[in-house]
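A look at the structure
Given next are the chains, with one letter for each unit.
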Amino acid sequence: MAVREQTARQKQVYDVIFGTETPAGKTFDIVLIVLILASVAVVLLDSIPEYHADYGHLFLRAEWGFTLFFTIEYILRLWCSPNRSAYARSVYGIVDLLAVAPTYLSLILPQAAPLLIIRLLRILRIFRVLRLLSLLREANELAGALRRSARKVFVFFTLMIILATIFGCLMYVIEGSEHGFHSIPHSIYWAIVTITTVGYGDVVPLTSAGRFIASIGMLIGYAVIAVPTGIVTAELTLAQALKNERITRRSRNCSTCASVETDPHAHYCRNCGSELPAPGHKPDN
């Protein structure tokens, strides 16, 4: 849907609901965050049997009150948005819709009510209120590192599955069902719990050979537990190095003394004090 012309009233509502530059817009977002937290608290408290028995009817009324408010808010966002389709398909738009859907869905499927916890995702709006959008760049860098290391991590987990299968088969043969290893899948479960150093203790080897194999599995677990972290850290280090290289390439020359400045935040030459050109621009002649 193309961008449409807004009326004066729609622009006014848009500045309050979507904007944080005005006091009214910032106040609206802060109130919205408080209501989101309150609605999530109601869902959490309602899941406690004692509170549900004593205050269930109050929680239900509060939940419907929150839902009606968020529904009206979502409709207003659609109404005042210059591009309704873009908002409805955006991350915020989808989260806003999912925040009200579980309450209406619970009329048909009561077990869907706890899905209201998804409202907590709307706290992402606090990034806009507190002007922490710069943190999203760091989050994108982390997501990029995870994406680039996905193949290596997949190979690592495949190797761990193979090792767990081997250890599970060995324990099934050595210990047998009389010691709790009733099947190969059950033994593989034990191997995964052991290699990951979780160690529930619900199944333990009793023979000397079984304990020896278990000891090797524990040592392997300690040896490889840091591998995924190292893979992702290497990607983050590479991304930071590339970022620093890009910053260095944006170095500027002072038009007065020709000194090189690599700090993108510098406004004046540290050698002669002349004003520097903006990053990415050539010196004025």
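Scope of this entry: the structure provided in the associated data block. Predicted model, so just to flag it, every value in this text is computed and none were measured. (Residues numbered from 1 in each chain as written. Predicted model: local features only at pLDDT ≥ 70, side-chain atom pairs only at ≥ 80, totals over all residues. Heavy atoms only, no water.)

The next subject is the overall build of the protein chain. On a plain count of helices and strands, the protein chain comes out with 11 helices and 2 strands. Reading the protein chain from its N terminus to its C terminus gives the helix and strand order α-α-α-α-α-α-α-α-α-α-α-β-β. The buried share among the 285 residues of the protein chain stands at 31%. A sequence separation of at least 24 residues applies to 57% of the contacts in the protein chain between residues at least 6 apart. For the protein chain, the exposed area adds up to about 18000 Å²; of that, 68% sits on carbon and sulfur atoms. (Helix = DSSP H or I, 4+ residues; strand = E, 2+ residues; numbered from the N terminus. Buried < 20%, exposed > 50% of the residue type's maximum accessible area, 1.4 Å probe, protein only. Contact = heavy atoms within 4.5 Å. Areas by Shrake-Rupley, 256 points an atom, 1.4 Å probe, with all protein chains shown as cover.)

In total, this model carries 2 salt bridges according to the counting rule given. Across the pair E73 and R77 runs a salt bridge, and its minimum N-O distance is 2.6 Å. Note that E73 and R77 are positioned in helix α3 (residues 49-80) at a spacing of 4 residues, about one turn of the helix. Its relative accessible area of 2% is what places E73 among the buried residues. Note that R77 is salt-bridged to D96, the shortest N-O span being 3.8 Å. Highlighted residues: R77 in helix α3 and D96 in helix α5 (residues 91-105), separated in sequence by 19 residues. The exposure class assigned to R77 is buried, which follows from its relative accessible area of 0%. Salt bridges sharing common partners tie together E73, R77 and D96. (Salt bridge = Lys/Arg side-chain N within 4 Å of Asp/Glu carboxyl O.)

Turning our attention to helix α10 (residues 208-224). The end-to-end C-alpha distance of α10 is 25 Å, a good match for the 24 Å that 17 residues give at a rise of 1.5 Å each. Listed in full, the buried residues belonging to α10 are G210, I213, A214, G217, G221 and V224. Along the axis of α10, the buried residues cluster in a sector spanning 100°; they form a single face. Away from its buried face by more than 90 degrees, α10 exposes S208, F212, L219, Y222 and A223. (Expected span 1.5 Å × (residues − 1). Arc of directions from axis to C-beta.)

Scanning the entire structure with this criterion turns up 8 aromatic pairs. With a centroid separation of 4.7 Å and 25° between ring planes, the pair formed by Y14 and F18 is classed as stacked. Judged by relative accessible area, Y14 falls into the partly exposed class, the value being 28%. For F18, a relative accessible area of 19% corresponds to the buried category. Among the aromatic residues, those joined into a cluster by ring pairs are Y14, F18, Y74 and Y87. Note that R77 overlies the ring of F18, its terminal NZ or CZ placed 5.1 Å from the centroid. (Phe/Tyr/Trp six-rings, centres within 6.5 Å; stacked < 30°, edge-to-face > 60°. Lys NZ or Arg CZ within 6 Å of the ring centre and 35° of its normal.)

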